[in-house]
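Observations on the three-dimensional arrangement
These are the residues of each chain, in order.
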Amino acid sequence: QVQLVESGGGSVQAGESLRLSCSASAYVFSNYYMGWVRQPPGKEREGVAGIWPSGGLTNYADSVKGRFTISQDKAKNTIYLEMSNLKPEDTAMYYCAASTRYGVDPDDFEYWGQGTQVTVSS
């Protein structure tokens, strides 16, 4: 079955950076749309960034454009989320997710990782 494993979360101060990683199977990496979805405490899930690894297409939420970058390492079947200039409002549980369709809404992803916590302090 589809398995997604996130890592790289932690606690940082505003303005600092983190890089999240999500490892998937070769099949998922080659055939699925993959993305990062976050859920701030007490709030709804929101899409952060997505990528179609086989095609290289990417998209971002307006709130993270210019600060976050989604990328891939095909040899490792891994996607990354490079986060710079982190803000307190970026604090959330970050999930790696996958779908058989491109550019789906956060609630429409079919497969989910366990999540990794990112906490940003002022």
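Reading the values: rules and limits
- Residues numbered from 1 in each chain as written.
- Predicted model: local features only at pLDDT ≥ 70, side-chain atom pairs only at ≥ 80, totals over all residues.
- Heavy atoms only, no water.
- Helix = DSSP H or I, 4+ residues; strand = E, 2+ residues; numbered from the N terminus.
- Rg over C-alpha atoms; globule rule 2.2 N^0.38 Å.
- Buried < 20%, exposed > 50% of the residue type's maximum accessible area, 1.4 Å probe, protein only.
- Contact = heavy atoms within 4.5 Å.
- Areas by Shrake-Rupley, 256 points an atom, 1.4 Å probe, with all protein chains shown as cover.
- Lys, Arg positive; Asp, Glu negative; His and termini not counted.
- Charge placed at Lys NZ, Arg CZ, Asp CG, Glu CD.
- Pairing = 2+ DSSP bridges.
- Core = buried A, V, L, I, M, F, W, Y, C linked by side-chain atoms within 4.5 Å.
- Disulfide = S-S within 2.5 Å.

1. Brief notes about the overall build of the protein chain
- Scanning the protein chain from terminus to terminus reveals 1 helix and 11 strands.
- Ordered by position in the sequence, the α and β elements of the protein chain form the string β-β-β-α-β-β-β-β-β-β-β-β.
- The C-alpha radius of gyration of the protein chain comes to 13 Å, within 12% of the 14 Å expected for a compact globule of 122 residues.
- Seen through its principal axes, the protein chain has C-alpha atoms that stretch 40 × 30 × 25 Å.
- Counting over 122 residues, the protein chain shows a buried share of 43%.
- Long-range pairs, those at least 24 residues apart, make up 57% of the contacts in the protein chain between residues at least 6 apart in sequence.
- When the accessible surface of the protein chain is split by element, carbon and sulfur atoms take 42% of a total near 6,300 Å².
- Of note, the protein chain has its 10 positive side-chain charges centred 4 Å away from the centre of its 13 negative side-chain charges.

2. Description of unusual backbone geometry
- Located in the positive-phi region is Asn77, a residue other than glycine, with phi close to 50°.
- A residue is classified by how much of its surface remains accessible, and Asn77, at 19% relative accessible area, is buried.
- In this structure, Asn85 is a non-glycine residue whose phi angle is positive, near 45°.
- Inspection of the secondary structure puts Asn85 in the loop between β8 (78-83) and β9 (92-99).

3. A few points about the pairing of strand β5 (residues 46-52)
- Taking burial as the measure, the 7 residues of β5 include 5 buried ones, the bulk of the element.
- Here 5 bridges tie strand β4 (residues 33-39) to β5, and the two strands are oriented antiparallel to one another. When the bridges of β5 are listed, Trp36 appears paired with Ala49.
- The turn linking β4 back onto β5 is made up of 6 residues, and Gly42 within it adopts a positive phi angle of 70°.
- As judged from the 4 bridges shared by β5 and strand β6 (residues 57-60), these two strands associate in the antiparallel manner. The residue of β6 that forms the bridge with Ala49 is Tyr60.
- Between β5 and β6, which follow one another and run antiparallel, lie 4 residues, and Gly56 among them has a positive phi close to 75°.

4. Observations regarding the nonpolar core
- In terms of nonpolar packing, the biggest core is built from 28 residues, with Met34, Trp36, Ile79, Leu81, Met83 and Tyr94 touching the most fellow members.
- At the level of elements, β3 (18-23), α1 (26-31), β4, β5, β7 (68-73), β8, β9 and β11 (116-121) are the ones that each hand at least two residues to this core.
- Sorting elements by how many residues they give to this core places β9 first, with 4 residues.

5. So, the state of the cysteines
- Under the counting rule described, the total for this entry stands at 1 disulfide.
- For Cys22, the disulfide goes to Cys96, at an S-S distance of 1.9 Å. When the S-S torsion is -75°, as for the bridge of Cys22 with Cys96, the disulfide is left-handed. With Cys22 in strand β3 and Cys96 in strand β9, the pair connects residues that are 74 residues apart, well separated along the chain.
- On the basis of relative accessible area, Cys96 is assigned to the buried category, the value being 0%.

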